[in-house]
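# Structural overview for review
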Amino acid sequence: MINPRVKKLNKVVIIGSGALKIGEAGEFDYSGSQALKALREEGVKTVLLNPNIATVQTSEDLADRVYFLPVTPWFVEEIIKKEKPDGILLSFGGQTALNCGVELYRAGTLEKYGVEVLGTPVEAIIETEDRELLPENLSR
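These notes cover the structure that comes with them. Please read all numbers here as calculations on a predicted model, not as lab measurements.

### Quick look at the sheet that holds strand β3 (residues 65-67)
Pairing is parallel across the open sheet formed by five strands, whose spatial order is β3-β2-β1-β4-β5. Each of the sheet's edge strands pairs with one partner strand only, and the pair in question is β3 and β5 (116-118). Averaged over all neighbouring strand pairs, the angle between strand axes comes to 25°, with direction disregarded. Sheet topology places strand β1 (residues 11-15) next to strand β4 (residues 87-89); three bridges connect them, and they run parallel. Bridge pairing links Val13 to Ile88 in β4.

### Observations regarding the packing of aromatic side chains
This model, assessed by the stated rule, comprises one aromatic pair. When the centroid spacing of 5.0 Å and the interplanar angle of 85° are considered together, the rings of Trp74 and Phe75 count as edge-to-face. Judged by its relative accessible area of 25%, Phe75 falls in the partly exposed class.

### What about the environment of Glu83?
Of note, Glu83 is situated in helix α2 (residues 73-83). Expressed as a C-alpha distance, the spacing of Glu83 and Val13, which sit 70 residues apart in the sequence, is 8.6 Å. Among residues more than four places away in sequence, those in contact with Glu83 are Lys11, Val47, Arg65 and Tyr67. Side chain to side chain, Glu83 and Lys11 meet in a polar contact 2.9 Å long.

### Topic: the packing of helix α3 (residues 94-106) against helix α5 (residues 122-129)
For the pair α3 and α5, interaxial distance at closest approach is 10 Å and the crossing angle is 115°. Once α3 is placed against α5, the crossing between them reads as left-handed. Every residue of α5 that contacts α3 at Gln95, Leu98, Val102, Tyr105 and Arg106 is listed here: Val122, Glu123, Ile125, Ile126 and Glu129. Looking at side-chain class alone, the contact of α3 with α5 contains six nonpolar, one polar and three charged residues.

### So, the pattern of salt bridges
Scanning the model with the defined rule gives five salt bridges in all. Two residues, Lys112 and Glu77, come together in a salt bridge whose shortest N-O distance is 3.7 Å. In this pair, Lys112 sits in helix α4 (residues 109-112) while Glu77 sits in helix α2, placing the two residues 35 residues apart along the sequence. On the accessibility criterion, Glu77 (18% relative accessible area) is buried. Of the charged contacts in the structure, one is a salt bridge between Lys81 and Glu78, with a shortest N-O distance of 2.9 Å. Residue Lys81 and its partner Glu78 are both found in helix α2; the two are separated by three residues, about one turn of the helix. Judged by its relative accessible area of 36%, Lys81 falls in the partly exposed class. Here Glu78 falls in the partly exposed class, since its relative accessible area comes to 29%. In the salt-bridge network here, residues are joined through shared partners; they are Lys11, Arg65 and Glu83.

The rules behind these values
Residues numbered from 1 in each chain as written. Predicted model: local features only at pLDDT ≥ 70, side-chain atom pairs only at ≥ 80, totals over all residues. Heavy atoms only, no water. Pairing = 2+ DSSP bridges. Helix = DSSP H or I, 4+ residues; strand = E, 2+ residues; numbered from the N terminus. Axes fitted to C-alpha atoms, helices over the stretch in contact; angles between N-to-C directions. Phe/Tyr/Trp six-rings, centres within 6.5 Å; stacked < 30°, edge-to-face > 60°. Buried < 20%, exposed > 50% of the residue type's maximum accessible area, 1.4 Å probe, protein only. Contact = heavy atoms within 4.5 Å. Polar contact = N/O pair within 3.5 Å; in protein donor to acceptor, adjacent residues only side chain to side chain. Left-handed = near helix turned anticlockwise from the far one by under 90°. Nonpolar A, V, L, I, M, F, W, Y, C, P; charged D, E, K, R; others polar. Salt bridge = Lys/Arg side-chain N within 4 Å of Asp/Glu carboxyl O.

Right under this line is the structure:
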C-alpha cells in the first residue's frame, strides 16, 4: 500500500531491467513486473522504459505505456517531459538504471521536472556505490 503521508501518485516511471543474459538480472525483471502490478492495484498509471522486448516487464497489460528505448539520461528526460510523472523507480533495473538515476539526479533533471525518486533515495545509492564513502558511512 502506498504511504498515505506521501502525496497522491498519479503516474510513475519505472526504469526496467534492459538487456538480460541467461542467468543474469532475472530478479530485476521479476521484481519490476511485481512493482508494475502493485502500482496498478493502487490505481497508479505506469510508464516503463525497458529496451528488451523479451522480458516479463514488457508483457502486454503490465504497464500502461512501454518505451523500448535505451536506458540513458537523455531518453529518460524525454519520457519525463512527455509523460509528466510524479515519481520514478530506479531499483528495478539493475546497475544501468541506478547509474542513469544518479546522472539524472546530479544533473538536476529530476528536480527540474518535479519527479520524486521513490524507494531507495539517490543519496543512498551514491553512498553505497562509492567504495570510499561506504566504509565511512558504515562506521558512523
